[in-house]
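One letter stands for each residue in the lines below.
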Amino acid sequence: MLASGILGISLDVFNRLYRSGAGAVVTKSLSTEPWEGYPNPTIFSVKGGGWINAVGLSNPGAENFAKMIEPNQDVPIVVSLVGSIPEDFEKMIKQFENCNVTAYELNLSCPHVAKVGLEVGDDPELVKKIVTTVKNSTNVPVIAKVGLGTTHYLNTVGTAIDSGIDAITAINTVRAMAIDVETQRPILSNKFGGLSGTPIKPIALRCVYEISSKYDIPIIGCGGISNWEDAVEFFLAGASAVQLGSAIGDNWIDVFNEINTGISQYMEKKNYSKIEEMIGLAKKS
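Numbers given to residues run from 1 along each chain, matching the order in which its sequence is written. Where totals are concerned, whole chains, interfaces and linings use all residues; where local detail is concerned, this predicted model gives features only for residues with pLDDT of at least 70, and gives and counts side-chain atom pairs only at 80 or more. Computation of side-chain values: all heavy atoms of the structure, hydrogens and water removed.

Caption draft 1: Quick look at helix α6 (residues 153–162). In terms of burial, α6 is largely enclosed, as seven of its 10 residues are buried. Accessibility here uses a 1.4 Å probe with only protein chains present; expressed as a share of the type maximum, an area under 20% marks a residue as buried, one over 50% as exposed, and anything in between as partly exposed. Here a helix means four or more residues in a row that DSSP labels H or I, a strand means two or more in a row labelled E, and each is numbered from the N terminus. Listed in full, the buried residues belonging to α6 are Tyr 153, Leu 154, Thr 156, Val 157, Gly 158, Thr 159 and Ala 160. Within two residues after α6, Gly 164 carries a phi angle of roughly 105°, on the positive side.

Caption draft 2: Expanded view of the sheet that holds strand β11 (residues 192–196). Strand pairing is assigned whenever DSSP identifies at least 2 bridges connecting the two strands. In spatial order, the strands read β2-β3-β11-β8; together these four strands make up an open sheet with antiparallel pairing. Each having just a single partner strand, β2 (43–45) and β8 (174–177) make up the two edges of the open sheet. The mean inter-strand angle of the sheet, taken between neighbouring strand axes irrespective of direction, is 35°. Two elements, β8 and β11, share four bridges in a ladder whose sense is antiparallel. Paired with Arg 175 across the bridge in β11 is Gly 194. Interaxial angles span 0 to 180 degrees and are taken between N-to-C directions of axes, which are lines fitted to C-alpha atoms, for helices over the stretch in contact.

Caption draft 3: Quick look at the packing of helix α3 (residues 86–95) against helix α5 (residues 124–137). In contact at an axis separation of 8 Å, α3 and α5 are set at 20° when each is read in the N-to-C sense. Judged by the inter-axis angle, α3 sits roughly parallel to α5. The two elements α3 and α5 meet at a crossing, and its hand is right-handed. Of the residues in α5, those in contact with Pro 86, Phe 89, Glu 90 and Ile 93 of α3 are Leu 126, Lys 129, Ile 130, Thr 133, Val 134 and Ser 137. Put simply, angles under 35 degrees are roughly parallel, angles over 145 are roughly antiparallel, angles from 65 to 115 are roughly perpendicular, and the rest are oblique. Throughout, a crossing is termed right-handed when the near helix is turned clockwise from the far one, and left-handed when it is turned anticlockwise from it by less than a right angle. In what follows, residue pairs with any heavy atoms lying within 4.5 Å of each other are defined as contacts.

Caption draft 4: Region of interest: the packing of aromatic side chains. Stacked, tilted and edge-to-face are the three classes assigned to paired rings of Phe, Tyr and Trp, where Trp is represented by its six-membered ring and a pair needs centres within 6.5 Å; plane angles under 30 degrees give stacked, over 60 edge-to-face, the rest tilted. Under the criterion given, the structure shown has three aromatic pairs. Taking the centre distance of 5.5 Å and the plane angle of 40° together, the rings of Trp 228 and Tyr 266 count as tilted. Here Trp 228 is found in helix α8 (residues 228–237), whereas its partner Tyr 266 is found in helix α10 (residues 254–270), with 38 residues between them in sequence. Residue Trp 228 is classed as partly exposed on the basis of its relative accessible area of 29%. What makes Tyr 266 buried here is its relative accessible area of 16%. Looking at Arg 175, its charged tip hangs above the ring of Phe 192, at a distance of 4.6 Å from the centre. Only Lys NZ and Arg CZ are tested; either one counts as a charge over a ring when it is within 6 Å of the ring centre and within 35 degrees of the ring normal.

Here it is, written out as structure tokens:
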């Protein structure tokens, strides 16, 4: 799947990604009203791989975006939503009633925008209210995207599951920063951003393993996946699917077909007929 925040704003791009091998596309996180986001610089390439970004969840707003994807017929679209109160999510879901939406992904873990994201995910009572409200507002599957905040992320996962969530995406970017030694100032305009790409893969893999060991819930692995071996690791740790984001910056959209091919060849080598046969195998003694 395409991870949220990467190329997730155009139906034409969605169609192209789908034809290139993406099983589904997750939109950029949408808010009730259009957001401009932060001024440049908003993204920084980390030495050795990875990116730090603080785009600020810039988006055209749920109403405008819904009009844009209304013609969609074929592409499995997962709509990512961000807000600070349950009513925000309820209002946005109403905008997509006439759209072909495969699922909703609740962004409970953006690390660099105040009053949404991690601040929401760190509040169990608010998570409960949001998930319950969304589940009562739609028959479409609902996914919670979790990250590493100030409280233990497993508590957020547990609360979301108790409130009726259908699946978990783990994890979001990790709060980070970079400083320019010449100017002696933070590089990003927001100072702090979210670290993505290969540096966070071991962290994301550990989180998927922990979630799948404690809860019986479908998990979508996300964080540093750039090749088929990475994807298979997440399946072995307990993920049922994976999302790609930063890898597109290095390999463009061809990466979807490359990973699909690699997984198929691995399954043939190991005599697996379906993905489910290898989910969670790393947990077996």
